[in-house]
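Each chain, written out:
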Amino acid sequence: MITQEERIDIFEGFRKGMHYFLSAYQLPPGLKHKKAAIAHRLALCLSAEFPSSFVDIDTNGADIIVWDGDEDIKLALFWGEQYLTEKERNKAIEFHRTKNPGLTLGFTMLPERPWLLVYRFEQEYVEYLHIDKESFADEVLRQRFLEDKDEGQLKLSLRKKRTRRITS
């Protein structure tokens, strides 16, 4: 069983890896990237924070995992450039329940926002956090128990793309 101190260390490794990723790789807004290419870059950044572990992409159903190469999963990541869908969140919850990793996180990069939205999955609840992209300070937004009716994704306003109407 993983201790609370170890979980804090794993989360800190995630934060440091994300800080390195965001400072090393400037992703131009609006430019589409393949998820596997970004996952590979993220894995490279995370591997520096977890030198005694393997960091693999698209393994065991998670987008990125940090593990010993056998069964001991320290960190499982599920991510997207925009909000995670209900299906993606349910996949992360199921992964956490069945594989029992030290820490299961989902996150969205939201290129137009100054923060990352992080989902921390536990056996009984999901916790939503913001991590500021400049200072990397984190702030807990809310917790939702899994058995509670999900009133939907934690929605934060995003800039809407405008479409032009052609008039005849």
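Since the model is a prediction, treat every value here as computed from it, not as a measurement. All chains use their own residue numbering, which begins from 1 and follows the written sequence. Two thresholds apply to this predicted model, a pLDDT of at least 70 for residue-level local features and 80 or more for giving and counting side-chain atom pairs, whereas whole-chain, interface and lining totals are computed over all residues. Hydrogens and water molecules were not included; the side-chain quantities draw on all heavy atoms of the structure.

Side note on the nonpolar core
F14, L42, L75 and F107 are the most contacted members of the largest nonpolar core, which totals 27 residues. Broken down by secondary-structure element, the contributors of at least two residues to this core are α1 (4-24), α2 (35-47), β2 (62-67), β3 (73-80), β4 (103-108), β5 (115-121) and β6 (125-132). Starting at the N terminus, helices and strands are each numbered in turn, a helix being any DSSP run of H or I of at least four residues and a strand any DSSP run of E of at least two. Take this core: its biggest share by element is six residues, from α2. Note on contacts: a residue pair qualifies if any of its non-hydrogen atoms lie within 4.5 Å across the two residues. Excluding residues that lie within four positions of it along the chain, L42 makes contacts with M18, F21, I64, W79, F107 and M109. Here the nonpolar core consists of buried residues drawn from Ala, Val, Leu, Ile, Met, Phe, Trp, Tyr and Cys, with membership extended through side-chain atoms lying within 4.5 Å. Note on exposure labels: buried denotes an accessible area under 20% of the residue type's maximum, exposed denotes more than 50%, and partly exposed covers the range between, all computed with a 1.4 Å probe on protein chains only. Listed in part, the 19 residues of the second largest apolar core include A62, A76, Y83 and Y128.

A few points about the pattern of salt bridges
For this analysis, a salt bridge means a side-chain nitrogen from Lys or Arg found within 4 Å of a carboxyl oxygen belonging to Asp or Glu. Under the criterion given, the structure shown has six salt bridges. In this structure, R7 and E122 form a salt bridge, with 2.2 Å as the shortest nitrogen-oxygen distance. Separated by 115 residues along the polypeptide, R7 in helix α1 and E122 in the loop between β5 and β6 bring together distant segments of the chain. Of the two residues, R7 and E122, neither departs from the other in class, the shared state being buried.

Regarding the packing of α1 against α2
Only the contacting stretch of a helix is used when fitting its axis, a line to C-alpha atoms as for every element, and angles between N-to-C directions run 0 to 180 degrees. Running from amino to carboxyl end, α1 crosses α2 at an angle of 120°, the nearest separation of the two axes being 8 Å. Judged on the interaxial angle alone, α2 and α1 are oblique. In the crossing of α1 with α2, the sense of the turn from one axis to the other is right-handed. Contacts from G13, F14, G17, M18, Y20 and F21 in α1 reach I38, R41, L42, C45 and L46 in α2. For the contact of α1 with α2, the residue count by class is eight nonpolar, two polar and one charged. The labels follow the angle: roughly parallel below 35 degrees, roughly antiparallel above 145, roughly perpendicular from 65 to 115, and oblique for the rest. By convention, the crossing between two helices is left-handed when the near helix turns anticlockwise from the far helix through less than a right angle, and right-handed when the turn is clockwise. In the scheme used here, Gly and all other residues not listed as nonpolar or charged are polar, with Ala, Val, Leu, Ile, Met, Phe, Trp, Tyr, Cys and Pro taken as nonpolar and Asp, Glu, Lys and Arg as charged.

Notes on the confidence of the model for the protein chain
A score between 0 and 100, pLDDT records how confident the predictor is in each residue. With 83% of its residues at a pLDDT of 70 or more, the protein chain shows a mean pLDDT of 85. For residues 153-161, every residue scores under 50 in pLDDT, and the model assigns this stretch 22 contacts once sequence neighbours within four places are set aside.

Observations regarding the pairing of strand β1 (residues 54-59)
Only strands joined by at least two bridges in the DSSP assignment are considered to pair. Bridge analysis of β1 against β2 gives five bridges, and the strand direction is antiparallel. Within β2, the position partnered with V55 by the bridge is V66. Connecting the antiparallel pair β1 and β2 is a turn made up of two residues, with N60 showing a positive phi of about 55°.

Description of α1
Take the number of residues in a helix, subtract one, and multiply by 1.5 Å to get its expected span. Taking 1.5 Å of rise per residue, the 21 residues of α1 would be expected to cover 30 Å, and the 30 Å separating its terminal C-alpha atoms lies within 8% of that figure. For α1, every residue scored as buried is listed here: R7, I10, F11, G13, F14, R15, G17, M18 and F21. Buried residues along α1 sit against α2, β3, β4, β5, β6 and β7 (138-145).

Some remarks on the pairing of β7
Bridging between β6 and β7 involves seven bridges; their strand directions are antiparallel. Within the sheet, the bridge partner assigned to I131 lies in β7 and is D138. Here β6 folds back onto β7, and the loop between the two strands holds five residues, one of which, F136, carries a positive phi near 60°.

What about the side chain of T104?
With respect to the helices and strands, the residue T104 is situated in strand β4. Note on T104: relative accessible area 0%, which makes it buried. By the criterion applied in these results, polar contacts are pairs of N or O atoms within 3.5 Å in which, for protein atoms, one can donate a hydrogen and the other can accept it, and in which residues neighboring in sequence qualify only through two side-chain atoms. Among the polar contacts listed, one links the side chain of T104 to the side chain of H96, at a separation of 2.6 Å. With near-sequence residues (within four places) excluded, T104 lies in contact with A76, F78, A92, H96, Y119, R120 and F121.

Overview of unusual backbone geometry
Positive phi values are uncommon outside glycine, yet N60 reaches one of about 55°. Position of N60 relative to the elements: it lies in the loop between β1 and β2. On the basis of relative accessible area, N60 is assigned to the partly exposed category, the value being 39%. A positive phi angle, close to 60°, is found at F136, a residue other than glycine. Structurally, F136 can be placed in the loop between β6 and β7.

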